[in-house]
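# A look at the structure
Single-letter residue listing:
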Amino acid sequence: MLSIIIGLITLVLVGLIGAGFYFYHVAIARGDKPFLSEDPDLQVDDELDLSSKEDKQWWNDQDFSKWQQQTPDHLHLYGYFLQANKPTRHVAIVAHGYSGDAKTMSGFARLYHEVYGMHVLVPDARGHGISEGDYIGFGWHERLDYQRWIAQVLQQLGNDMEIVLHGVSMGAATVMMTSGEKLPDQVKAIIADCGYTSAMEELRYQMKRMYHLPAFPILHITSLLAKLKSGYSFQEASALNQVKKTTKPMLYVHGKEDAFVPTFMVHKLYQATNTNQKELLLIPQAGHGLAWQTDSQTYYQRLTAFLSKHLTEVQQADDILL
């Protein structure tokens, strides 16, 4: 009898560990994520590609410089830098989402470069694009990578630069997590579009939504594997804890119909944000990553007003690349 019980317990443990490895491979390990394209709540093509055909053509037509950095854990990361058409003190660093790459942010890169007249840097996050890395960090390791990108901007362009951080989805989590670190005064404004509160809460939500499973114990086993294999746990990858420490002006954007990163998360983030220089923009009828496409006029007006409060002499244009 005892041997049967031990056998059953062993079988359950092996099954749970196997499930943990499965979910690590699905969610964390670098590679194609077919579940994104199959998700009915993600109404964007090419795995959260937020750019129009015109944006993509614009990107292909630009003469980007390729910047790089080497991380303390010996990864080579790459970013695409585009110098402004006219002299400016403004730089936008744009952060892409989960399973995307720099070119999926060509719409926002074009907006900052062509409408606001800024220098633009769009990195490929670790584990994405041409950057090295065999895992996705959900913004946690990336926050330190972005500290180094910020330092590189100042080193290359000068200490009189004014820097904007703008991220969408996991990119929003990245800039929020970055906001809680020690940042130079040159970082003037941060825009977080449809970001999640933490890796743990987002993955718990997705396990229930996509697999109809409780988080415990599989998600905790997967988190332990992430700690062992990738150097971070889902609990510590928390944008919510980071924004409690920020002193930077923050603009939160979220679609009211977002079923992938539910809208309740942005309310938690906004309430927790330490600075009183915070704003919230909710776009009716917008799903995940679709705030700009759903109501670009309102998005542009609020973004322009926010930037104008915190940067000097923000360039504007009548044509907002609709």
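Residues numbered from 1 in each chain as written. Predicted model: local features only at pLDDT ≥ 70, side-chain atom pairs only at ≥ 80, totals over all residues. Heavy atoms only, no water.

## Some words on the pattern of salt bridges
Scanning the model with the defined rule gives 11 salt bridges in all. Across the salt bridge formed by Arg110 and Asp55, the nearest N and O atoms sit 2.9 Å from each other. In this pair, Arg110 is assigned in helix α4 (residues 106-115) and Asp55 in helix α3 (residues 53-61), connecting sequence segments 55 residues apart. Arg110 sits in the buried class, given a relative accessible area of 16%. The class for Asp55 is buried, based on a relative accessible area of 8%. For Glu279, the salt bridge identified is with Arg302, shortest N-O distance 3.5 Å. In this pair, Glu279 is assigned in strand β8 (residues 278-283) and Arg302 in helix α12 (residues 296-310), connecting sequence segments 23 residues apart. One connected set of salt bridges, linked through shared partners, spans Asp73, Arg126, Asp145 and Arg148. (Salt bridge = Lys/Arg side-chain N within 4 Å of Asp/Glu carboxyl O. Helix = DSSP H or I, 4+ residues; strand = E, 2+ residues; numbered from the N terminus. Buried < 20%, exposed > 50% of the residue type's maximum accessible area, 1.4 Å probe, protein only.)

## Considerations on the layout of surface pockets
Taken as a whole, the second largest pocket encloses approximately 150 Å³ of empty space. Together, 12 residues line the second largest pocket, and Gly31, Ser99, Gly100, Gly127 and His128 are the ones closest to its centre. Grouping the constituent residues of the lining of the second largest pocket by class yields one nonpolar, seven polar and four charged. (1 Å grid on protein atoms, 1.4 Å probe; cavity = no way out; pocket = protein on both sides within 12 Å on 5 of 7 lines; lining within 4 Å. Points joined across faces, edges and corners; volume = space filled by probe spheres on them. Nonpolar A, V, L, I, M, F, W, Y, C, P; charged D, E, K, R; others polar.)

## Overview of the packing of aromatic side chains
According to the stated counting rule, one finds 17 aromatic pairs in the structure shown. Judged by centre distance (5.5 Å) and plane angle (40°), the rings of Tyr98 and Phe138 are tilted. In this pair, Tyr98 is assigned in the loop between β3 (90-95) and α4 and Phe138 in the loop between β4 (119-124) and α5 (140-157), connecting sequence segments 40 residues apart. By relative accessible area, which is 9% here, Tyr98 ends up buried. (Phe/Tyr/Trp six-rings, centres within 6.5 Å; stacked < 30°, edge-to-face > 60°.)

## As for the confidence of the model for the protein
When pLDDT is averaged along the protein, the result is 91, and 88% of the positions lie at 70 or above. In this model residues 44-48 is a low-confidence stretch, pLDDT under 50, and it forms 12 contacts with partners more than four residues away in sequence or in other chains. (pLDDT = per-residue confidence, 0-100. Contact = heavy atoms within 4.5 Å.)

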